[in-house]
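Residue strings, one per chain:
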Amino acid sequence: MAGMKTATGDYIDSSWELRVFVGEEDPEAESVTLRVTGESHIGGVLLKIVEEIKRKAGLHRPVILRLSNRRALRLRASFSQPLFQAVAAVCRLLSIRHPEEMSLLRAPEKKEKKKKEKEPEEEVYDLTKVVLAGGVAPVSFRGMPAHFSDSAQTEACYRMLSRPLAPPDPLLLQRLPRPSSLLDKTQLHSRWLDSSRCLMQQGVKAGDMLWLRFKYYSFFDLDPKTEPVRLTQLYEQARWDLLLEEIDCTEEEMMVFAALQYHINKLSQSGEVDEPAGTDPGLDDLDAALSNLEVKLEGSAPTDVLDSLTTIPELKDHLRIFRPRKLTLKGYRQHWVVFKETTLSYYKSQDEAPGDPIQQLNLKGCEVVPDVNVSGQKFCIKLLVPSPEGMSEIFLRCQDEQQYARWMAGCRLASKGRTMADSSYSSEVQAILAFLSLQRTGGGGSGNHPQGPDASAEGLNPYGLVAPRFQRKFKAKQLTPRILEAHQNVAQLSLSEAQLRFIQAWQSLPDFGISYVVVRFKGSRKDEILGIANNRLIRIDLAVGDVVKTWRFSNMRQWNVNWDIRQVAIEFDEHINVAFSCVSASCRIVHEYIGGYIFLSTRERARGEELDEDLFLQLTGGHEAF
């Protein structure tokens, strides 16, 4: 309608309200209302719609999130902002710091069940009516963020988020899908959503279920005292990784994990809450600074400081070494081994040390794999060292826990290009010793354990604490005493300390933090596995699971994606070029993993919660052909 014609022949423009629904037409669809006239053209109307959407700061619709603890939560999420921003807003609502470590992935397709099998109705927690004011930091009230204290329902939701849940029903655990091969483990990582595109662009609809998970295994500034939700959700993700066999561990390690779960569940069910520090943390920082100043003024230990700056620490000791070779049955042989900077050299005897070594290995970029059995007094370190032919394999066997901890810590640092002069060396040694101490009583299986409150098996169902493969291997009466033995070493830990110890033990596992994708390397005729960790890429033989080659991000010069042929090309130092096409997932997912980990490596404590969102999107975004 262009307008109305008057008696004199003139036109009077009329206008009316145009209501536009953005997205699918359903009761939850957001609408935009504009006033238009007959003179309005379609291009101008579309421009006004876009501007109105921006003014509303994004369309928010309800979605259901499956959390790390496998509970379902309904809330409103932005459907028009990039996913990176939408996840940040969700994490702010849930009181989770460092949202850059998390992302959303599509829920797996449900298999059709027989008519007789009815799934029990699931409880879905609801936060759709909770709204946070933008730009205002949430405040605490009654021991929780104030926006959770509005009702009994929201308080129950916070308890679900911030307190570990009881062990799962063993029968349910056996029915849940688990990966039976390395190939199965690649399926999870094909479902990640694109962080640079909004939910609407990715076909997500109101009411859909998505999974909220820690995507990047690089956990920054984890403070168990001040962020219970982040700590608990991280613990739950680690726990389910182990229970569903997404990550492998030894029998001894499983007993330690079971004991920690048992202890955490006891504390959580009893309602124990870690007491906040009695003093102002700001005053604690001030006291520490003053103490440090006193030491400097008194001039104590200047020699140690100077020595640490001028002396490069090194390890020298007798170790037994084994180098697997084809057509040979030779075992371990004792050698004199010298470890300095990132180089490991070994000699036939100590007397020959000043001369040329039998072999010298630079451990920068190598894979370091523990091979330990505490009860059997086996303390071995498996090294996979990059070489022109592939990966060179060597085993170091230590005499005891102390020697193992020192050499293992040195190898781990060297693999990252750091020396034992690094400030983290001592803490790494202590962390290794602490994990070994947890296993010391958990692997005996003697069944002898002290009687008393801490050793009581009340409420202990071992089958809910161990992965199904251990359920098949042992009877409950065999597992219970072993878990109780391991529990003696953790019985004095507080709830947050026990959760943190569980996470640290999870991080110490050889396969921790590796995301798997099936790829086809350029020039190869077979599919292989690409493992993506927080500091390296790993080429893995699909048939046998052996590591073929490792490339460190620190040696990466550039990478790019050819979206037309869906190929990733990476250039490393020394003119090493790697190219591959992705089979089990899109190139976008691999591209985002690489860029995301590089972005996370730029974080600094001095910047606090500030995030360079533009840099993240620049490193992870792409222009995929549609």
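Structural data are supplied above this passage.
Conventions and cut-offs
- Residues numbered from 1 in each chain as written.
- Predicted model: local features only at pLDDT ≥ 70, side-chain atom pairs only at ≥ 80, totals over all residues.
- Heavy atoms only, no water.
- 1 Å grid on protein atoms, 1.4 Å probe; cavity = no way out; pocket = protein on both sides within 12 Å on 5 of 7 lines; lining within 4 Å.
- Points joined across faces, edges and corners; volume = space filled by probe spheres on them.
- Helix = DSSP H or I, 4+ residues; strand = E, 2+ residues; numbered from the N terminus.
- Pairing = 2+ DSSP bridges.
- Axes fitted to C-alpha atoms, helices over the stretch in contact; angles between N-to-C directions.
- Expected span 1.5 Å × (residues − 1).
- Contact = heavy atoms within 4.5 Å.
- Phe/Tyr/Trp six-rings, centres within 6.5 Å; stacked < 30°, edge-to-face > 60°.
- Buried < 20%, exposed > 50% of the residue type's maximum accessible area, 1.4 Å probe, protein only.
- Lys NZ or Arg CZ within 6 Å of the ring centre and 35° of its normal.

Caption draft 1: Representation of empty space enclosed by the protein. Applying the stated rule across the entire model yields three cavities of 30 Å³ or more. Roughly 60 Å³ of volume is contained in the second largest cavity. Considering the residues around the second largest cavity, the lining is formed by L83, F84, V87, P99, E100, M102, S103, S195, K215, Y216 and F616. If you list the elements that add at least two residues to the lining of the second largest cavity, you get α2 (83–94) and β7 (102–106).

Caption draft 2: Spatial organisation of the sheet that holds strand β24 (residues 567–572). Read across the open sheet, the seven strands follow the order β22-β21-β20-β19-β25-β24-β23; overall the sheet is antiparallel. Unpaired on one side and paired on the other, β22 (547–552) and β23 (556–562) mark the two borders of the sheet. Strand-to-strand twist across the sheet, computed as the mean angle between neighbouring axes with direction ignored, equals 30 degrees. The sheet contact formed by strand β20 (residues 528–532) and strand β21 (residues 536–540) spans four bridges and is antiparallel. Bridge pairing in β21 links G531 to I538.

Caption draft 3: A look at helix α14 (residues 495–507). Between its first and last C-alpha, α14 extends 19 Å over 13 residues, near the 18 Å set by a 1.5 Å rise per residue. Contact partners of the buried residues in α14: α6 (228–243), α7 (251–269) and α11 (425–439).

Caption draft 4: Broad picture of the packing of aromatic side chains. In the structure shown here, the tally under the stated rule is 23 aromatic pairs. Measuring from ring centre to ring centre gives 6.1 Å for F219 and W506, while their planes differ by 20 degrees; the resulting arrangement is stacked. Of this pair, F219 sits in the loop between β11 (209–214) and α6 while W506 sits in helix α14, placing them 287 residues apart in sequence. For the residue pair F219 and W506, the accessibility class agrees, reading buried in each case. Aromatic pair Y593 and Y597: ring centres 6.2 Å apart, planes at 20 degrees, arrangement stacked. One end of the pair is Y593 and the other is Y597, both in helix α15 (residues 587–600) and four residues apart, which spans about a single turn. Owing to a relative accessible area of 0%, Y593 belongs among the buried residues under this scheme. For Y597, a relative accessible area of 2% translates into the label buried. Across the ring face of F79, the terminal group of R61 is positioned such that the distance to the ring centre comes to 5.2 Å. Just above the ring of Y593 sits the side chain of K215; from NZ or CZ to the centre is 5.0 Å.

Caption draft 5: Structural detail: the pairing of β7. Taking burial as the measure, the five residues of β7 include four buried ones, the bulk of the element. Sheet analysis places β7 next to β11, joined by five bridges and oriented antiparallel. Across the sheet, S103 pairs through a bridge with R213, a residue of β11.

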